[in-house]
Amino acid sequence: MKNTRYPNEVQFQVSGDYGLFSDPITRVGGERCSYQVPTYEALKGILASVYWKPTLIWYIDEVRVMEQIRTEVKGIRPIKYSGGNDLAYYTYLKHCRYQVRAHFEWNENRPELISDRNENKHHNVARRMIKKGGRRDVFLGTRECQGYVEPCEFGDGAGAYDDVPELSFGLMFHGFTYADEAYSEETKDQMTARFWYPVMKNGIIRFPRPEECPLHKPIRPMQMKLFGEDNGNFSGLKEFGEVE
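I will try to describe carefully the structure that is included in this document. As the structure is a prediction and not an experimental result, all values here were calculated from the model.

**Structural notes on helix α1 (residues 40-50)**
The α-helix winds at 3.6 residues per turn, so residues separated by three or four positions along the chain end up facing the same way. With 10 of 11 residues buried, α1 is to be regarded as a mostly interior element. When α1 is considered as a whole, its buried residues turn out to be Tyr40, Glu41, Ala42, Leu43, Lys44, Ile46, Leu47, Ala48, Ser49 and Val50.

**Focus: the pairing of strand β3 (residues 56-65)**
Among the 10 residues of β3, 10 are classified as buried, and the element is accordingly described as predominantly covered. The pairing of β3 with strand β5 (residues 88-106) spans nine bridges and is antiparallel. Looking across to β5, one finds that Leu56 is bridged to Trp106. Strand direction decides the pairing type here: β3 and strand β12 (residues 204-206), joined by three bridges, are antiparallel. The residue of β12 that forms the bridge with Val63 is Ile205.

**Focus: the packing of aromatic side chains**
Taken as a whole and judged by the stated rule, the model has 10 aromatic pairs. Measuring from ring centre to ring centre gives 6.2 Å for Tyr90 and Tyr92, while their planes differ by 50°; the resulting arrangement is tilted. Comparing Tyr90 with Tyr92 shows no difference in burial state: the two are buried. Between the aromatic rings of Phe104 and Trp106, the centroid separation amounts to 5.5 Å while the plane-to-plane angle is 50°, which identifies the pairing as tilted. Among the residues examined, Trp106 registers a relative accessible area of 24% and is labelled partly exposed. Three or more aromatic residues link up through ring pairs in this structure, and these residues are Phe173, Phe176, Tyr178 and Phe195. One residue, Lys74, lies across the ring of Tyr18, its end atom 3.6 Å from the ring centre. The cationic tip of Lys74 hangs over the ring face of Tyr92; the distance from NZ or CZ to the ring centre is 5.3 Å.

**Topic: the pattern of salt bridges**
Once the charged atoms of two side chains with opposite charge are near each other, the side chains can pair. Applying the stated criterion across every chain yields a total of 14 salt bridges. For Asp162, the salt bridge identified is with Arg64, shortest N-O distance 2.9 Å. Taken together, the residues span a long stretch of sequence, with Asp162 in the loop between β7 (146-151) and β8 (167-168) and Arg64 in strand β3 at a distance of 98 residues. By relative accessible area, Asp162 is classed as partly exposed at 24%. Arg64 sits in the buried class, given a relative accessible area of 4%. Through salt bridges with shared partners, a single network forms among Glu9, Glu62, Arg101 and Arg206.

**Quick look at the environment of Ser22**
Tracing the sequence through the fold places Ser22 in the loop between β1 (10-19) and β2 (32-33). Sequence spacing of Ser22 and Gln36 is 14 residues, and the spatial spacing of their C-alpha atoms is 9.3 Å.

**Notes on the sheet that holds strand β9 (residues 172-177)**
Taken together, three strands build an open sheet; the order of strands is β9-β10-β13 and the sheet is antiparallel. Edge positions in the sheet fall to β9 and β13 (215-221), since each has one partner strand and no second. Adjacent strand axes in the sheet meet at a mean angle of 25°, parallel and antiparallel pairs treated alike. As paired strands, strand β10 (residues 190-196) and β13 are joined by six bridges and run antiparallel to one another. From the neighbouring strand, Arg194 faces β13, where its bridge partner is His216. Set on the sheet, α1 makes contact with β9 and β10; between it and β9 the angle comes to about 50°.

What counts and what doesn't
- Residues numbered from 1 in each chain as written.
- Predicted model: local features only at pLDDT ≥ 70, side-chain atom pairs only at ≥ 80, totals over all residues.
- Heavy atoms only, no water.
- Buried < 20%, exposed > 50% of the residue type's maximum accessible area, 1.4 Å probe, protein only.
- Helix = DSSP H or I, 4+ residues; strand = E, 2+ residues; numbered from the N terminus.
- Pairing = 2+ DSSP bridges.
- Phe/Tyr/Trp six-rings, centres within 6.5 Å; stacked < 30°, edge-to-face > 60°.
- Lys NZ or Arg CZ within 6 Å of the ring centre and 35° of its normal.
- Salt bridge = Lys/Arg side-chain N within 4 Å of Asp/Glu carboxyl O.
- Axes fitted to C-alpha atoms, helices over the stretch in contact; angles between N-to-C directions.
- Contact = heavy atoms within 4.5 Å.

Below, the structure written as structure tokens:
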């Protein structure tokens, strides 16, 4: 790979006919309107669908917008929890294609999985899964927007905004910090929402690390999920004989 910043870096392209990257705090019901660009959390979710284990945390470094930002409004009949359905208008992004650069780091909140910290193994598996299109279904923000993943060289090809010096998007949702990925005493045993002010320069948005986001809002208390046979969950270690 060229321009590799981290030894375990991955580069891939994700594309789809439609995308809907909405603020999850305001998408409980009613109308939905997509952000103009994908969120950090959505891209992280795509990569987690490609390959993920509790041993590691994926960090999205940057995204390159390859197609012109277009929207399409659709009339949707979402199911109402009280029964029946209703008419709502969803605003989707159309003809989406993005190049993504990311890397993983060990989850220091999971010392019990230290024996699984084999960087070469996880990196090679992640790259193979990107070539195969992922282990699970990929979605561009929401389930009705099917996505497709394939390997690429970040920066190759012409992008729609390569010649646009700077484009700001205002306040935008960055992602959630779950208790499993806490990085401070404030985020420990909490679910926290992060916000930031993205700026696209020559078609590329560089994401800050979660702890570097300027705005953090605690949502609710949350405990870490426990993995392993003793907790009735699959860890991917003893079950496959990777540790005795």
